[in-house]
Amino acid sequence: MTDVLNPVGENSADVPEYPMARVAACPFDPPPELRTKQVEGPLAKVRLWDGSTPWLVTRYADQRALLADPRVSADITRPGYPSSAPIGSGGSHISFILMDDPEHARLRRMVTAPFTIKRVEAMRPTVQKIVDELIDDVLAGPKPVDLVEAFALPVPSLVICQMLGVPYSDHDFFQENSKTIIKRDASPDDRTAALGLLAYYLDDLVGAKLENPGDDLLSRLAERVAAGELSRQAAAQMGVLLLIAGHETTANMIALGTLALLENPDQLAVLRESDDPKLISGAVEELLRYLHITHNGRRRVALEDIEIAGHVIRAGDGLIMPNDIGNRDPEAFPEPDRLDLTRDARHHVAFGFGVHQCLGQPLARMELQVVYGTLYRRIPTLRLAEDLSQIPFKHDGSVYGVYRLPVTW
């Protein structure tokens with residue numbers, strides 16, 4: 001097969017930069033240039049901050065095929081890996097999500113048990129209680145209210161703190177440092193400093209769990225440390241990953257999903273007027289497909305030459321697979337730009353695909369089901385307190401959402 005490469009040079013300014021500016025008319029849509037690339041073809045070269053030109057994989061089927069291909073590596077230390085930013089000077093421990101098997105699988109198994117569907121479902125009454133109490137507080141307070149601060153952020157933060165064994169009273173500290181880590185224009189040193197602060201914090205907690213274990217995930221990791229199966233540094237770093245991932249993405253989905261529904265009142269009515277668990281579950285999947293919270297694209301590097309979609313990806317070539325454009329592929333989702341809560345969207349790639357797909361997806365799904373199935377029925381007249389044009393979107397971060405969401409009722 002002929003190797004179909006981008007006709008411009010590897011470092012040519014004609015190769016578009018990635019990520020592309022989010023200037024879509026609709027704040028829920030992918031950047032227009034990204035959509036154009038999808039129409040033009042399944043693969044294209046893009047240019048990163050360091051001048052490298054990895055492949056951009058635009059179509060759903062090709063993304064799934066490559067994410068499941070053992071000839072594709074998630075190891076950030078391999079030459080050609082398309083890193084999203086310079087690596088800071090702190091020498092931080094690399095997360096297991098940026099490793100390959102067998103080490104990836106060994107470390108992942110240590111934290112899998114609390115995220116199984118059975119264990120997560122057992123938490124549903126607790127999450128329902130958290131959601132109801134926060135809604136009680138919102139209804140008892142002044143109007144308008146910032147739904148991000150009053151509801152969207154506290155729900156997943158309270159849940160992940162309980163699971164990990166992290167004091168929720170420290171939420172201001174870990175949320176502020178989380179924001180720095182995922183902010184796209186944060187300097188490498190600022191990002192490394194924030195990671196270091198969180199690592200020290202989690203290391204202290206792991207140490208406390210070694211002395212006084214509880215019924216939580218950090219205590220389970222401390223047991224692994226005591227048994228010599230895991231270093232204390234690695235345990236703390238795993239805690240950092242779970243703490244950030246456990247509240248940032250879900251909090252943004254709650255707020256952005258609410259905004260999307262308020263902007264699509266016919267779909268909001270479908271959800272508000274039903275208590276059918278299947279409909280609510282399906283609505284969560286469609287919102288996950290439609291909103292695409294993560295904006296860095298899943299990144300990999302080819303270990304061998306791979307023929308796909310009329311191209312040859314060479315060994316050492318970087319790959320970027322943006323789920324926002326994959327989930328808007330009309331071949332996989334007819335009328336992809338239409339929010340349709342009755343659509344069967346569970347095959348989306350919001351959580352990735354293959355061995356590296358999101359560990360916490362059962363928890364995220366359950367939390368969103370409780371939130372979307374409760375909030376709009378309990379506050380049926382919920383509406384924006386400001387014009388959509390005044391809502392500040394997170395264009396500067398790798399996790400998309402809104403900084404605040406003023407609502408009233």
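All values derive from a computational prediction rather than experimental measurement. (Residues numbered from 1 in each chain as written. Predicted model: local features only at pLDDT ≥ 70, side-chain atom pairs only at ≥ 80, totals over all residues. Heavy atoms only, no water.)

### Some points on the overall build of the protein
Along the backbone of the protein there are 15 helices and 10 strands. For 409 residues, the compact-globule formula gives about 22 Å, and the C-alpha radius of gyration of the protein, at 21 Å, lands near that figure. Expressed as lengths along the three principal axes of its C-alpha atoms, the size of the protein is roughly 65 × 55 × 35 Å. A buried classification covers 56% of the 409 residues belonging to the protein. At a minimum sequence separation of 6, the contacts of the protein that also span at least 24 residues come to 71%. Carbon and sulfur atoms provide 53% of the accessible area of the protein, an area that totals close to 17500 Å². (Helix = DSSP H or I, 4+ residues; strand = E, 2+ residues; numbered from the N terminus. Rg over C-alpha atoms; globule rule 2.2 N^0.38 Å. Buried < 20%, exposed > 50% of the residue type's maximum accessible area, 1.4 Å probe, protein only. Contact = heavy atoms within 4.5 Å. Areas by Shrake-Rupley, 256 points an atom, 1.4 Å probe, with all protein chains shown as cover.)

### A closer look at the pattern of salt bridges
Within this structure, the stated rule accounts for 25 salt bridges. Notably, a salt bridge pairs R47 with E17, separated by 3.4 Å at the nearest N-O pair. With R47 in the loop between β1 (43-45) and β2 (55-57) and E17 in the segment before α1 (32-40), this residue pair connects regions lying 30 residues apart in the sequence. Residue class for R47 comes out buried when judged on its relative accessible area of 17%. In this structure, a network of salt bridges that share partners links the residues D29, R35, R328 and D337. (Salt bridge = Lys/Arg side-chain N within 4 Å of Asp/Glu carboxyl O.)

### Remarks on the pairing of strand β5 (residues 298-302)
Within a regular strand, the side chains alternate between the two sheet faces. By the criterion of burial, β5 is predominantly enclosed, with 5 of the 5 residues buried. On β5, burial covers both faces: R298, R300 and A302 on one face and R299 and V301 on the other are all buried. With 4 bridges connecting them, β5 and strand β8 (residues 318-321) associate as antiparallel partners. Each residue of the ladder has a partner; that of V301, found in β8, is G318. (Pairing = 2+ DSSP bridges.)

### A closer look at the sheet that holds strand β9 (residues 383-384)
The 3 strands are arranged β4-β10-β9 in an open sheet whose pairing can be described as antiparallel. Edge positions in the sheet fall to β4 (145-146) and β9, since each has one partner strand and no second. Relative to strand β10 (residues 406-408), β9 is paired through 2 bridges, and the arrangement is antiparallel. Among the inter-strand pairings, L384 is bridged to a residue of β10, identified as V407.

### Some thoughts on the packing of helix α5 (residues 124-140) against helix α15 (residues 361-378)
At a closest axis distance of 10 Å, the pairing of α5 and α15 adopts a crossing angle of 35°. Relative to α15, α5 is oriented so that their crossing is right-handed. Where α5 approaches α15, its residues R124, V127, Q128, V131, D132, I135, D136 and L139 are matched on the opposing element by M366, E367, Q369, V370, V371, T374, L375 and R378. (Axes fitted to C-alpha atoms, helices over the stretch in contact; angles between N-to-C directions. Left-handed = near helix turned anticlockwise from the far one by under 90°.)

### Brief notes about the environment of G318
Residue position: G318 is located in strand β8. Residues G318 and S389, spaced 71 residues apart in sequence, show a C-alpha to C-alpha distance of 37 Å. Discounting residues that sit within four places of it in the chain, G318 has contacts with P54, W55, G80, P82, R300 and V301.

### Section: the confidence of the model for the protein
Per-residue confidence for the protein gives a mean pLDDT of 92; residues scoring 70 or more make up 94%. Within the model, the stretch residues 1-11 combines pLDDT values under 50 with 20 contacts to residues more than four positions away or in other chains. (pLDDT = per-residue confidence, 0-100.)

### Some points on the side chain of Q369
Looking at the secondary structure, you find Q369 in helix α15. Residue Q369 is classed as buried on the basis of its relative accessible area, which comes to 15%. The residues contacting Q369, other than those within four sequence positions of it, are R124, I280, S281 and V284.

### Re the sheet that holds β2
Taken in spatial order, the 5 strands line up as β1-β2-β8-β5-β3 in an open sheet, and their pairing is mixed. Each of the sheet's edge strands pairs with one partner strand only, and the pair in question is β1 and β3 (72-73). Where β2 meets β8, 2 bridges bridge the pair, whose relative direction is parallel. The residue of β8 that forms the bridge with W55 is L319.

### What to know about the packing of helix α7 (residues 154-164) against helix α11 (residues 232-262)
Running from N to C, α7 and α11 cross one another at 155°; their axes reach a closest spacing of 8 Å. By the angle class used here, α7 and α11 are roughly antiparallel. Crossing hand, α7 versus α11: right-handed. Side by side, α7 and α11 meet where V155, P156, S157, I160 and L164 of the first sit next to G239, L242, L243, G246, H247, T250, A251 and I254 of the second. Grouping the constituent residues of the contact of α7 with α11 by class yields 8 nonpolar, 5 polar and no charged. (Parallel < 35°, antiparallel > 145°, perpendicular 65-115°, else oblique. Nonpolar A, V, L, I, M, F, W, Y, C, P; charged D, E, K, R; others polar.)

### Looking at the packing of aromatic side chains
The final tally for this structure, using the stated rule, is 5 aromatic pairs. Across from the ring centre of F333, 5.3 Å away, lies the NZ or CZ of R289, which sits over that ring. Above the face of the Y403 ring, K394 is positioned so that its terminal group lies 5.4 Å from the ring centre. (Phe/Tyr/Trp six-rings, centres within 6.5 Å; stacked < 30°, edge-to-face > 60°. Lys NZ or Arg CZ within 6 Å of the ring centre and 35° of its normal.)

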